[in-house]
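# Descriptive structure summary
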Amino acid sequence: MVVIVAIESSCDETAAAVCQHGEILSNVIASQQEHAEYGGVVPELASRAHMQQIVPVVSRALHDAGMQVGDIDAVAFTQAPGLIGALFVGAQFARSMALALDKPLIAVHHMQAHVLANLIEKERPSFPFLCLTVSGGHTQIVRCLSPYELEVIGETIDDAAGEAFDKSAKLIGLPYPGGPLIDRYAQQGNPFAFAFPEPQIAGLNFSFSGLKTAILYFLQENEAKMPGFSEVRRADICASVQQRIVSILMNKLKKASLQTGIRTVCLAGGVSANSGLRRALKEAGSELGWQTYYPSTQYCTDNAAMIAITAWYKYLRHDFSPLETVPTARAGW
Ligand code: KG4
Ligand code: ZN
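Here the residue numbers are simple positions, counted from 1 along each chain's written sequence. Chains carry letters and ligands carry numbers; both start at the beginning, A for chains and 1 for ligands, and go up in the order they are written. Thresholds applied to this predicted model are a pLDDT of at least 70 for local features of residues and 80 or more for the giving and counting of side-chain atom pairs; totals over whole chains, interfaces and linings are not thresholded and use all residues. As a rule here, side-chain values cover all heavy atoms of the structure and leave hydrogens and water aside.

## Quick notes on the overall build of the protein
- Counting secondary structure elements, the protein contains eleven helices and ten strands.
- Within these notes, the globule rule equals 2.2 Å times the number of residues to the 0.38 power, and the radius of gyration is based on C-alpha atoms. What you see for the protein is a C-alpha radius of gyration of 20 Å, in line with the 20 Å of a compact globule of 333 residues.
- Each principal axis of the C-alpha distribution contributes one length, and for the protein these read about 65 × 45 × 30 Å.
- Out of the 333 residues in the protein, the part that is buried amounts to 54%.
- Two residues qualify as a contact provided that any one of their heavy atoms is within 4.5 Å of a heavy atom in the partner residue. Across the protein, contacts joining residues at least 24 apart in sequence account for 73% of those joining residues at least 6 apart. Secondary structure counts use DSSP, requiring at least four H or I residues in a row for a helix and at least two E residues in a row for a strand, with both numbered from the N terminus. Throughout, exposure labels follow a simple rule: accessible area from a 1.4 Å probe, protein chains only, divided by the maximum for the residue type, with under 20% read as buried, over 50% as exposed, and the rest as partly exposed.

This is the structure:
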């Protein structure tokens, strides 16, 4: 039975997980609170917090899995993309551990891992499938033919879906990260109270920057007419913003399914925790005869279980990385 310990440190979550033959035994996440007052992640603070958290988080993951350091067969880590200082902490820890234990090192791409999080649970999609990966930094439609053949067929040309949520939330007066708060307020609001524009972008690419500007002008205009508008109508504004972001995403996903003929469709990434998006996927599934999947919430937002499952597939092919492997902030795939 192969035991892999995996480390994720690409942004503001220090995470470690243990998997045994493709089954996740533990999944530990230490979220950093120090960024909230700055309204976004401060890279230097993130690196320092990773330094403090990494040893306790990895120890905890081993403990929760009932494993000792000596049981480890391979060490995996997020190699790209992400904040370079943050990535270095995880990479350096993983490299040192692999060297000390004389075990293989497995470098994992964070965006591939988000997609393969769909393979963690027992009820999982069969290949080929489409995956809409929506996070704070990325928005992609990925055609997945096997764990080793993932192809990006559409992506954002400006902001990511998570950024669209977070920037809208900021305009509405909600604290960072506002995505989950928009989701929460939206549940009491009318999604058709206000109509925000849907951009006309060719092909399978996305754009969210126009939406942000539209919301800014909409709020300025209404605040001028009625001071306190954003607060009084908060639920309706959140529901309408969420509705538009979800419809932009779903329309492209439907287009991708038509173009590729693939009708098994998954979600991944932090924004796939959004209840409106999950509901819209299910509705499209019953309307269009899709098989639909999304990971449980703990595997949607950044986590190390997704790094572990990706590493497991790499292990099966002995796709190991040299100990000199360094992280990179930006990386295609
Ligand atoms: O994948 P993730 O945890 O980190 C990145 O790799 O970026 O995604 C974080 C993003 C943030 O923009 C956050 O606001 C958004 O996911 N998010 C949500 C929800 N939960 C997290 N957005 C909308 N609704 C949610 N329930
Ligand atoms: Zn992520």
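Don't stop here, the text continues.
## Observations regarding the site of ligand 1
- In this text, near means that some heavy atom of the residue lies within 4 Å of the molecule or strand in question. Surrounding ligand 1, one finds 18 residues, the nearest of these being G136, D166, D183, G270 and N274.
- By the criterion applied in these results, polar contacts are pairs of N or O atoms within 3.5 Å in which, for protein atoms, one can donate a hydrogen and the other can accept it, and in which residues neighboring in sequence qualify only through two side-chain atoms. Here an oxygen atom of ligand 1 sits 3.3 Å away from a polar atom, N or O, in the main chain of G162.
- G270 is positioned such that a nitrogen or oxygen atom in its backbone is 3.0 Å from an oxygen atom of ligand 1.
- Here ligand 1 has 550 Å² of accessible area as a free molecule, and 87% of this is covered by the chains.
- Contributions of two or more residues to the shell around ligand 1 are made by α3 (110-116), α4 (161-172) and α5 (179-186).
- For the shell around ligand 1, a count of residues per class yields four nonpolar, eleven polar and three charged.
- Each of domain 1 (3-115 + 300-316) and domain 2 (126-294) gives at least three residues to the shell around ligand 1. All accessibility values rest on the Shrake-Rupley procedure with a 1.4 Å probe; residue burial counts only the protein chains present in the view. Here the term charged refers only to Asp, Glu, Lys and Arg, the term nonpolar to Ala, Val, Leu, Ile, Met, Phe, Trp, Tyr, Cys and Pro, and the term polar to all other amino acids, Gly among them. By convention here, the domain bounds are inherited from an automatic or database domain assignment.

## Side note on the sheet that holds strand β6 (residues 129-134)
- Between any two strands, at least two bridges found by DSSP are needed for them to pair. Strand order in this open sheet of five strands is β8-β7-β6-β9-β10, and the pairing throughout is mixed. In this open sheet, the two edge strands, each paired with only one partner strand, are β8 (149-155) and β10 (291-293). Ignoring which end each strand starts from, the neighbouring axes of this sheet average 25° apart. Working convention: axes come from line fits to C-alpha atoms, limited for helices to the stretch in contact. Angles between N-to-C directions cover 0 to 180 degrees.

## A look at the environment of H63
- Considering the arrangement of structural elements, one finds H63 in helix α1 (residues 43-65).
- Along the primary structure H63 and P197 are separated by 134 residues, whereas in three dimensions their C-alpha atoms are 50 Å apart.

## Notes on the layout of surface pockets
- The rule is simple: put a 1 Å grid over the protein atoms alone, call a set of points where a 1.4 Å probe fits but cannot get out a cavity, call an open set with protein on both sides within 12 Å along at least five of seven lines a pocket, and count a residue as lining if it has an atom within 4 Å of a point. Grid points are joined across faces, edges and corners, and a volume is the space filled by probe spheres set on the points. As a volume, the second largest pocket reaches approximately 430 Å³.
- Q243, V246, G276, A280 and E283 are the residues nearest the centre of the second largest pocket, which is lined by 19 residues in total.
- Breaking the lining of the second largest pocket down by element, the ones donating at least two residues are α8 (234-260) and α9 (275-288).
- Among the elements that take part in the lining of the second largest pocket, α8 stands out by supplying eight residues, more than any other.
- Looking at the lining of the second largest pocket, its residues break down into eight nonpolar, seven polar and four charged.

## Comments concerning the side chain of S240
- One can find S240 in helix α8.
- The exposure class assigned to S240 is buried, which follows from its relative accessible area of 1%.
- Within the structure, the side chain of S240 is placed 2.8 Å from the backbone oxygen of D236, a separation counted as a polar contact.
- Setting aside residues up to four positions removed in sequence, S240 forms contacts with N190, P191, F192, A193, F194 and F196.

## Side note on the side chain of Q242
- Looking at where Q242 falls in the secondary structure, it is placed in helix α8.
- If near-sequence neighbours (up to four positions away) are discounted, Q242 is found in contact with F165, I182, D183, A186, N274, S275 and G276.

## Overview of the coordination of the zinc ion (ligand 2)
- Within the protein, the zinc ion (ligand 2) binds to H110 (NE2), H114 (NE2) and D302 (OD); these donor distances fall in the range 2.0 to 2.2 Å.
- The donor set comprises N, O and S atoms within 2.8 Å of the metal, extended to 3.2 Å for Na, K and Ca; water molecules are omitted, so apparent gaps in a site may simply reflect that omission. Think of it this way: with four donors and all angles in the 85 to 135 degree range, the site is tetrahedral; with four or six donors, opposite ones beyond 155 degrees and the rest between 65 and 115, it is square planar or octahedral; otherwise it is irregular. Around the zinc ion (ligand 2), the four donor atoms sit at angles spanning 93 to 147°, and that spread fits a shape best called irregular.
- Here the donor residues for the zinc ion (ligand 2) map to a single chain with the spacing H-x3-H-x187-D. Residue H110 and its partner H114 are both found in helix α3; the two are separated by four residues, about one turn of the helix. Exposure class is identical for H110 and H114. Each is buried.

## A few points about the pairing of strand β7 (residues 139-146)
- With six of its eight residues buried, β7 lies for the most part within the structure.
- Pairing of β6 with β7 involves six bridges; the strand directions are antiparallel. Bridging across to β7, L132 finds its partner in I141.
- Once β6 ends, the chain turns through four residues before running back antiparallel as β7.
- In this structure, β7 lies alongside β8, joined through six bridges in antiparallel fashion.

## Focus: the domain arrangement of the protein
- Domain assignment breaks the protein into domain 1 (3-115 + 300-316) and domain 2 (126-294).
- A C-alpha centroid distance of 28 Å is found between domain 1 and domain 2.
- Across the contact, 13 residues belong to domain 1 and 18 residues belong to domain 2.
- Summed over both sides, the interface of domain 1 with domain 2 buries roughly 1,200 Å², with 74% coming from carbon and sulfur. The term buried area denotes the loss of accessible surface (1.4 Å probe radius) that occurs when two parts are joined, taken as the sum for both partners.

## Section: the pattern of salt bridges
- Salt bridges are counted wherever a side-chain nitrogen of Lys or Arg sits within 4 Å of a carboxyl oxygen of Asp or Glu. Going through the model one piece at a time under the given rule, you end up with nine salt bridges.
- Put simply, E163 and K167 hold a salt bridge, and the shortest N to O gap is 3.7 Å. Taken together, the residues span about one helical turn, with E163 and K167 both in helix α4 at a distance of four residues.
- For E163, a relative accessible area of 27% gives the class partly exposed.

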